[in-house]
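Descriptive structure summary
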Amino acid sequence: MKLTDRLLKIASLVTKGKKIADIGTDHGYIPVHLLNEGYIDFAILADVNKGPLENARKEVRHNNLSDKVDLRLGSGIEVLKKGEVDEVIIAGMGGILISELLEANIEVAQSTEKFILQPMQAHKELRKYLLNNGYEILDEVLVREDFRIYEIIVAKYTGKNTNVEDEIFYEVGNKLIENKDELLNEFIDKRIHAYTSILNKLEGKSGKGIDEKIEESRINISKLEKLKTL
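All residue numbers refer to position in the chain's written sequence, counted from 1. Under the rules for a predicted model, residues below a pLDDT of 70 receive no local features and side-chain atom pairs below 80 are neither given nor counted, while totals for whole chains, interfaces and linings still include all residues. Computation of side-chain values: all heavy atoms of the structure, hydrogens and water removed.

Some thoughts on the overall build of the chain
Only DSSP runs of H or I with at least four residues qualify as helices, and only runs of E with at least two residues qualify as strands; both kinds are numbered from the N terminus onward. Counting secondary structure elements, the chain contains 10 helices and seven strands. For the radius of gyration, the atoms used are the C-alpha atoms, and the globule rule reads 2.2 Å times the number of residues raised to 0.38. Computed over the C-alpha atoms, the radius of gyration of the chain is 19 Å, within 12% of the 17 Å expected from 2.2 N^0.38 for a compact globule of 230 residues. Considering only C-alpha atoms, the chain reaches an extent of 60 × 35 × 35 Å along its principal axes. For the exposure calls, accessible area comes from a 1.4 Å probe over protein chains only, and a residue counts as buried if that area is under 20% of its type's maximum, exposed if over 50%, partly exposed in between. Every one of the 230 residues in the chain was classed for burial, and the buried ones make up 47%. Contacts are residue-level and defined by heavy atoms, with any inter-residue pair within 4.5 Å sufficient. Looking at the chain alone, contacts between residues at least 24 apart form 68% of all its contacts between residues at least 6 apart. Here the accessible surface of atoms and residues is derived via Shrake-Rupley with a 1.4 Å probe, and residues count as covered only by protein chains that are part of the display. Carbon and sulfur atoms provide 46% of the accessible area of the chain, an area that totals close to 11900 Å².

With respect to unusual backbone geometry
Positive phi, close to 60°, is recorded for D26, a residue that is not glycine. Positive phi outside glycine occurs at N64, with the angle close to 55°. Topologically, N64 is positioned in the loop between helix 3 (50–62) and strand 3 (69–73). On the basis of relative accessible area, N64 is assigned to the exposed category, the value being 67%.

Description of the nonpolar core
Membership of the largest hydrophobic core comes to 28 residues, with the highest contact counts inside it found for I10 and I89. Taken together, the elements giving at least two residues each to this core come down to helix 1 (5–12), helix 2 (29–36), strand 2 (43–47), helix 3, strand 3, strand 4 (87–93), strand 6 (135–145) and strand 7 (148–157). No other element matches helix 2, which puts four residues into this core. Ignoring sequence-local partners within four residues, the contact set of I89 consists of I10, V14, I20, A21, D22, I23, I30 and I116. Listed in part, the 27 residues of the second largest apolar core include I90, V108, L130 and A155. Throughout, nonpolar core names a set of buried Ala, Val, Leu, Ile, Met, Phe, Trp, Tyr and Cys residues whose side chains join them through atoms within 4.5 Å.

Comments concerning the side chain of Q118
Along the chain, Q118 falls in strand 5 (residues 114–119). Its relative accessible area of 1% is what places Q118 among the buried residues. Those residues in contact with Q118 that lie beyond four places of it in its chain are R6, I10, I90, A91, G92, M93, I98, Y150, E151 and I152.

Concerning the packing of helix 1 against helix 2
The angle between two axes is taken between their N-to-C directions and runs from 0 to 180 degrees, where each axis is a line fitted to C-alpha atoms and a helix contributes only its stretch in contact. Look at helix 1 against helix 2: their axes get within 10 Å of each other, and the N-to-C directions meet at 55°. One finds that helix 1 runs oblique with respect to helix 2. The hand of the helix 1/helix 2 crossing is right-handed. For the pair formed by helix 1 and helix 2, the contact residues are L7, L8, I10 and A11 on the first element and Y29, I30, H33 and L34 on the second. Should an angle fall under 35 degrees it is called roughly parallel, over 145 degrees roughly antiparallel, and 65 to 115 degrees roughly perpendicular, with every other angle called oblique. By definition, any crossing whose near helix is turned counterclockwise from its far helix by less than a right angle is left-handed, and any crossing with a clockwise turn is right-handed.

Examining helix 10 (residues 208–227)
What a helix is expected to span follows from its residue count: subtract one and scale by 1.5 Å. Across its 20 residues, helix 10 extends 29 Å between first and last C-alpha, which sits within 8% of the 28 Å expected from 1.5 Å per residue. Among the residues of helix 10, those classed as buried are I214, S217, N220, I221, L224 and L227. In an axial view of helix 10, the angular spread of the buried residues amounts to 145°, which keeps them on one side of the axis. Residues of helix 10 that are exposed and angled more than 90 degrees away from the buried face: K208, R218 and K226. In the core, the buried residues of helix 10 are packed alongside helix 7 (168–171), helix 8 (174–178) and helix 9 (184–202). By construction, the arc corresponds to the directions joining the helix axis to the C-beta atoms.

Here we look at helix 9
Look at helix 9: 27 Å from first C-alpha to last across 19 residues, which is about the 27 Å you get at 1.5 Å a residue. Taken residue by residue, helix 9 has L184, F187, I188, I192, Y195, L199 and L202 as its buried positions. Axial view of helix 9: buried residues confined to an arc of 140°, hence all on one face. Away from its buried face by more than 90 degrees, helix 9 exposes H193, N200 and K201.

Description of the pattern of salt bridges
Working definition: two side chains of opposite charge can pair if their charged atoms are close together. What makes a salt bridge here is a side-chain nitrogen of Lys or Arg within 4 Å of a carboxyl oxygen of Asp or Glu, nothing more. For the structure on display, the rule yields 15 salt bridges. Linking D70 and R72 is a salt bridge whose minimum nitrogen-to-oxygen distance equals 2.9 Å. The class for R72 is buried, based on a relative accessible area of 17%. Measuring nitrogen to oxygen at the nearest pair gives 2.9 Å for the salt bridge that ties R191 to E171. A residue pair is termed long-range when its members are at least 10 positions apart, and R191 in helix 9 and E171 in helix 7 qualify at 20 residues.

Have a look at this one:
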């Protein structure tokens, strides 16, 4: 079993020897990989749908790991009890949905040592939720897979909110800049391209909402260009 670059990067952020839960596990590739490597000893594999969970069950059986996993059908971290695992992976979902999953079981969310979160979209909304709801962003990394660059956020609940000096840092995480991530400039260029596309679509149009969108896009392009020089 060979993991994709995205899944490998997520797996690399798990702490050795910790008990983990993989929420929305699909085929269970990440925990199966970590168990096969002897990097962890136990994992809970959970999914809200029966089909993906059965796929994970087959993968677990194929790798003779049934005694090291617990498979659970259910939504998000609601399938977990406080203290069952140390670290939780939530990958391949929208950022808003990830926020909602954290809210759905506050006791587990606040007691988990580390979350490894990989939003497929709405990354800005996820950062905003985390930083304004008592979570500290411990680390962030980018990984390229095919034509996309994915963001992975490592966070932990501390009870303290983090003030962000500019809204642009919800879009490009401070940790990415601090770490000088090797994909940062390419990632920023993609964000600039997205805003430029908006401007091109709105060219020649006007109206209150349209004018505001044009101004917002121009301001964000300027801010993103400056981030590339930090």
